[in-house]
Amino acid sequence: MSTTNEDIIRRLLSLWATREPDAMVALFAEDGVYDNVPNRQPMEGREAIRQWLGFCFEHLTRIDV
């Protein structure tokens, strides 16, 4: 069975609650782009996305999905 875009997005959203940046980043292509509109410039590449997620998880006390 193939994974759909919807499956990937659902998995990404479920990982917000568990604060697993490495698992989240693994869902992106190596050169993937995460655009967190309207807060900042898009993050390009897994390492930039990982750093941003790490920052979020360190500074946010609550994340609702």
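Let us look at the structure shown here. Worth saying up front: this structure is predicted, and the values here are computed from it rather than measured.

Thresholds applied
Residues numbered from 1 in each chain as written. Predicted model: local features only at pLDDT ≥ 70, side-chain atom pairs only at ≥ 80, totals over all residues. Heavy atoms only, no water. Helix = DSSP H or I, 4+ residues; strand = E, 2+ residues; numbered from the N terminus. Core = buried A, V, L, I, M, F, W, Y, C linked by side-chain atoms within 4.5 Å. Buried < 20%, exposed > 50% of the residue type's maximum accessible area, 1.4 Å probe, protein only. Contact = heavy atoms within 4.5 Å. Expected span 1.5 Å × (residues − 1). Salt bridge = Lys/Arg side-chain N within 4 Å of Asp/Glu carboxyl O.

### Describing the environment of Trp16
Checked against the element boundaries, Trp16 lands in helix α1 (residues 5-18). In this structure the C-alpha to C-alpha distance between Trp16 and Leu53, which are 37 residues apart in sequence, comes to 9.3 Å.

### Quick word on the nonpolar core
Core analysis: the largest hydrophobic core is formed by 13 residues, its most contacted members being Trp16, Met24, Tyr34, Ile49, Trp52 and Leu53. Of all elements in the fold, only α1, α2 (21-25) and α3 (46-59) reach the threshold of two or more residues within this core. Here this core gets 5 residues from one element, more than from any other, and that element is α3. The residues contacting Tyr34, other than those within four sequence positions of it, are Leu12, Trp16, Phe28, Pro42, Met43, Ile49 and Trp52.

### Side note on α3
With 14 residues, α3 ought to run about 20 Å at 1.5 Å a step, and its terminal C-alpha atoms sit 20 Å apart, in line with that. Check the buried side of α3 and you find it contacts α1, α2, β1 (33-34) and β2 (43-44).

### Here we look at the pattern of salt bridges
Tallied over the entire structure, the rule returns 4 salt bridges. The residue Glu30 makes a salt bridge to Arg46 at a minimum N-O spacing of 3.0 Å. Pair noted here: Glu30 is in the loop between α2 and β1 and Arg46 is in helix α3, with a separation of 16 residues, a long-range link. For Glu30, a relative accessible area of 57% corresponds to the exposed category. Arg46 sits in the partly exposed class, given a relative accessible area of 25%.

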